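Fold and geometry: a report
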Amino acid sequence: MPEESRTPSRESQRGLDWFIFFLADVQTGFGPFIAVYLTTQKWTQVEIGFVLSIGGIIGLLGQMPGGAIVDAARSERIVAGFAVATIGICALAYALWPILPVVTVAATFHALASCVLGPAIAAISLGLVGPHAIGERLGRNARFASLGNGSAAALMGAVGYLLSNRSVFLVTFLLAIPTLLSLARIREREIDIAQAHGEVKREKPDKKATSVFSLVRQRSLLIFAGAMMLFQLANAAMLPLMAGVVTTRSSQWAPVLIAACIIVPQAIVALSSPSVGRKAQAWGRRPLLLIAFAALAIRGLLFATVRDPYLLVAVQVFDGITAAIFSVMVPLVVADVAFGSGHFNLAQGIVGTAVGIGASLSTVLAGYVSDKLGSSTAFIGLACVAGLGLLMIWLVMPETRRTRPAATPPPAA
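This one's a predicted model, so the numbers in the text were calculated from it and none came from an experiment.

**Describing the overall build of the protein chain**
The secondary structure content of the protein chain amounts to 17 helices and zero strands. Across the 413 residues in the protein chain, those meeting the buried criterion constitute 51%. In the form shown here, the protein chain has an accessible surface area of approximately 18,700 Å², with 69% of it arising from carbon and sulfur atoms.

**A closer look at helix α3 (residues 45-61)**
An α-helical segment advances 3.6 residues per turn. Residues three or four places apart therefore align on the same side. The end-to-end C-alpha distance of α3 is 24 Å, a good match for the 24 Å that 17 residues give at a rise of 1.5 Å each. For α3, the complete set of buried residues consists of I48, V51, I54, I58 and G59. The arc enclosing the buried residues of α3, seen along the axis, measures out at 120°, which places them on a common side. In this structure, α3 carries Q45, V46, I57 and L61 as exposed residues pointing more than 90 degrees from its buried face. The inward-facing, buried residues of α3 contact α2 (33-40), α4 (63-72), α5 (76-96) and α6 (100-129).

**Section: helix α15 (residues 309-338)**
Over its 30 residues, α15 extends 43 Å from the first C-alpha to the last, a length consistent with the 44 Å expected when each residue adds 1.5 Å. For α15, the principal kink sits at M329 and spans about 30°; a proline, P331, occurs within the next four residues. Counting buried positions along α15 yields 21 of 30 residues, so the element is predominantly enclosed. Downstream of α15 by a residue or two, G340 has a phi angle that is positive, lying close to 100°.

**A look at the pattern of salt bridges**
Applying the stated criterion across every chain yields a total of nine salt bridges. As a salt-bridge pair, E188 and R77 come within 2.9 Å of each other at their nearest N and O atoms. Taken as a pair, E188 in the loop between α8 (165-185) and α9 (193-196) and R77 in helix α5 lie far apart in primary sequence, 111 residues in all. Judged by relative accessible area, which is 18%, R77 ranks as buried.

**Comments concerning unusual backbone geometry**
For K42, which is not glycine, the phi torsion reads 70° and is therefore positive. Within the secondary structure, K42 sits in the loop between α2 and α3.

**What to know about the packing of aromatic side chains**
The final tally for this structure, using the stated rule, is 10 aromatic pairs. Summarising the aromatic geometry, the rings of F303 and F379 are spaced 5.3 Å apart at their centres and angled 50° between planes, so their arrangement reads as tilted. Taken together, the positions of F303 in helix α14 (residues 285-305) and F379 in helix α17 (residues 375-395) put the pair 76 residues apart, joining distant regions of the chain. For F303, a relative accessible area of 3% corresponds to the buried category. These aromatic residues form a ring-pair network of at least three members: W18, F21, F22 and F144.

**Some details on the packing of helix α16 (residues 344-373) against α17**
Interaxial distance between α16 and α17 falls to 7 Å at its minimum, and their mutual angle equals 140°. As summarised for this structure, α16 and α17 are arranged oblique, according to the angle between their axes. When the axes of α16 and α17 are compared, the crossing they make is right-handed. Note on element contacts: α17 touches α16 through S375, T377, A378 and L382, opposite S362, A366, V369, S370 and L373. Partitioning the contact of α16 with α17 into residue classes produces five nonpolar, four polar and no charged.

**Thoughts on a nonpolar patch on the surface**
Side chains of L96, W97, I99 and L170 sit close together on the surface and give an oily, nonpolar patch of about 380 Å² of accessible area. Structurally, L170 can be placed in helix α8.

**A closer look at the side chain of D17**
Mapped onto the secondary structure, D17 falls in helix α1 (residues 10-28). Take D17: its relative accessible area is 0%, and that puts it in the buried class. Within the structure, D17 has its side chain in polar contact with the side chain of R137 (distance 2.5 Å). Ignoring sequence-local partners within four residues, the contact set of D17 consists of R137, R140 and F144.

**Some remarks on the packing of helix α11 (residues 219-235) against α17**
Running from amino to carboxyl end, α11 crosses α17 at an angle of 160°, the nearest separation of the two axes being 8 Å. On the basis of their axis angle, the class for α11 and α17 is roughly antiparallel. The two elements α11 and α17 meet at a crossing, and its hand is left-handed. Residues I223, G226, A227, L230, L233 and A234 of α11 form the contact with α17, whose own contacting residues are L382, V385, A386, L388, G389, M392 and I393. Among the residues making up the contact of α11 with α17, the classes are represented as 11 nonpolar, two polar and no charged.

**Comments concerning the nonpolar core**
Within the largest apolar cluster, 117 residues are counted, with the highest numbers of intra-cluster contacts made by F19, Y94, L117, F224, M329, V351 and F379. Excluding residues within four positions of it along the chain, L117 makes contact with F19, L23, Q27, A80, A83, V84 and I87.

**Section: the side chain of T400**
Assignment of secondary structure puts T400 in the segment after α17. Taking relative accessible area as the criterion, T400 reaches 10% and is therefore assigned buried. Within the local environment of T400, its side chain forms a polar contact with the side chain of D336, the two groups lying 2.8 Å apart.

Cut-off values and rules
Residue indices follow the written sequence of each chain, beginning from 1 at its first position. The predicted origin of the model limits local features to residues at a pLDDT of at least 70 and limits the giving and counting of side-chain atom pairs to 80 or more, whereas totals for whole chains, interfaces and linings rest on all residues. Excluded from the side-chain calculation are hydrogens and water; included are all heavy atoms of the structure. The helix count covers DSSP runs of H or I at least four residues long, the strand count covers runs of E at least two residues long, and both are numbered beginning at the N terminus. When a residue's accessible area, from a 1.4 Å probe over protein chains only, is under 20% of the maximum for its type it is buried; when over 50% it is exposed; and in between it is partly exposed. In this description, accessible areas are obtained by the Shrake-Rupley approach with a 1.4 Å probe, and a residue is regarded as covered only by the protein chains that are shown. How far a helix is expected to stretch is found by multiplying one less than its residue total by 1.5 Å. Directions are taken from the helix axis to each C-beta atom, and the arc is the one they span. Any pair of residues with heavy atoms lying within 4.5 Å of one another is described as a contacting pair. Two axes enter the definition of the bend at a residue: one is fitted to the seven residues ending there, the other to the seven starting there, and the bend is the angle between them. The salt bridge definition used is simple: a Lys or Arg side-chain nitrogen within 4 Å of an Asp or Glu carboxyl oxygen. Side-chain rings of Phe, Tyr and Trp (the six-membered ring for Trp) are treated as a pair once their centres are within 6.5 Å; stacked means planes under 30 degrees apart, edge-to-face means over 60, and tilted covers the remaining angles. Fitted lines through C-alpha atoms give the axes, limited to the stretch in contact for helices. The angle between two N-to-C directions lies from 0 to 180 degrees. Here is the rule for angles: anything less than 35 degrees is roughly parallel, anything more than 145 is roughly antiparallel, 65 through 115 is roughly perpendicular, and the remaining ranges are oblique. Here is the rule for handedness: rotate from the far helix to the near one, and if that takes an anticlockwise turn smaller than a right angle the crossing is left-handed, while a clockwise turn gives right-handed. Under this grouping Gly is polar, as are all residues other than the nonpolar Ala, Val, Leu, Ile, Met, Phe, Trp, Tyr, Cys and Pro and the charged Asp, Glu, Lys and Arg. Patch definition: residues with relative accessible area over 30% and no salt bridge; like charges joined within 9 Å; nonpolar side chains (Val, Leu, Ile, Met, Phe, Trp, Tyr) joined within 5 Å. Residues adjacent in sequence count toward polar contacts only when both atoms are side-chain atoms; beyond that, a polar contact is any pair of N or O atoms within 3.5 Å, and within protein one must be able to donate a hydrogen and the other to accept it. Remark: nonpolar core denotes a set of buried residues (Ala, Val, Leu, Ile, Met, Phe, Trp, Tyr, Cys) joined through side-chain atoms within 4.5 Å.

Quick look at the structure:
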């Protein structure tokens, strides 16, 4: 059956923009500020590591169940609303009761809520605009997420410095309010629920096409998940490893340089993400994926050879290119390969699990190689992993771009 073109209202589009912006603000409060705050509360590094590990493990294991929950939901807005409210309450618990049992429970619920928010945002986006406009919509999502991350980092840093580390979590709790108000601006009736789950209208049900087993056996999905695991295996350890190198070479300016290394990619993502979405529809997915993996490999090689700490900030331009592309391409390619199955969000969970595995292994393996053979060898190894991902996309990944069906010619007179 032909797929309908959807034109959501300006109010719904702007509501989604600001929901993503404020949600990025809320999630930023749970970043490195947790370790700083708990340290000031006389927590040991073992206790802090235990709480952070809980979030990481649940975040990894919850990817596929989180996607399945969103696929089963009849309202993605309600799921997202409950998740945001849960995260806000968790932030308040951190601020008011920074004791191990309470923080452990809060970290658990925060991780569980986060597992459904990513799929819910992608599902709302797909349900609003449809499969042919999803590339540009995901570009807008990435722009507002990047702007939210940058502004929140500045706000949280200022609040923590001028007031207290505890106030970071109180601000995070308060930011959940405009996040929920923005979500409420998205009109429920404009979200096509079937389309949000990756379903298509059929005259007769097709159990094979909508089977979970058919989805998980899809060659393009498995190849893409493997490529994303290689991407995070190469990418996750690069900035932490580089931060250690910068601190060794220029300890006085290390905090400023590291902050600049975070801000530069965020600025590039904010500026270029919408054009990435448009180019993905014009060029196809594979050319952009190849550019992203090439940029990651070049970044690793430059980190291995550049000695000037200030030039390392310039190298982060390549991180911005990679981040701008993958922030759009991951949900976009998943939408391509899973559309018609009714399990779009479960497919996101499959790829998210692969990403989590790659990220978990990256820091451990890169740290080991750096300790044994030096940081330059570790960076070269990470660049080689990125090169392997590039070859995987080039040689075996099929093009997944969906094209609009040609217009049916009028009948002959």
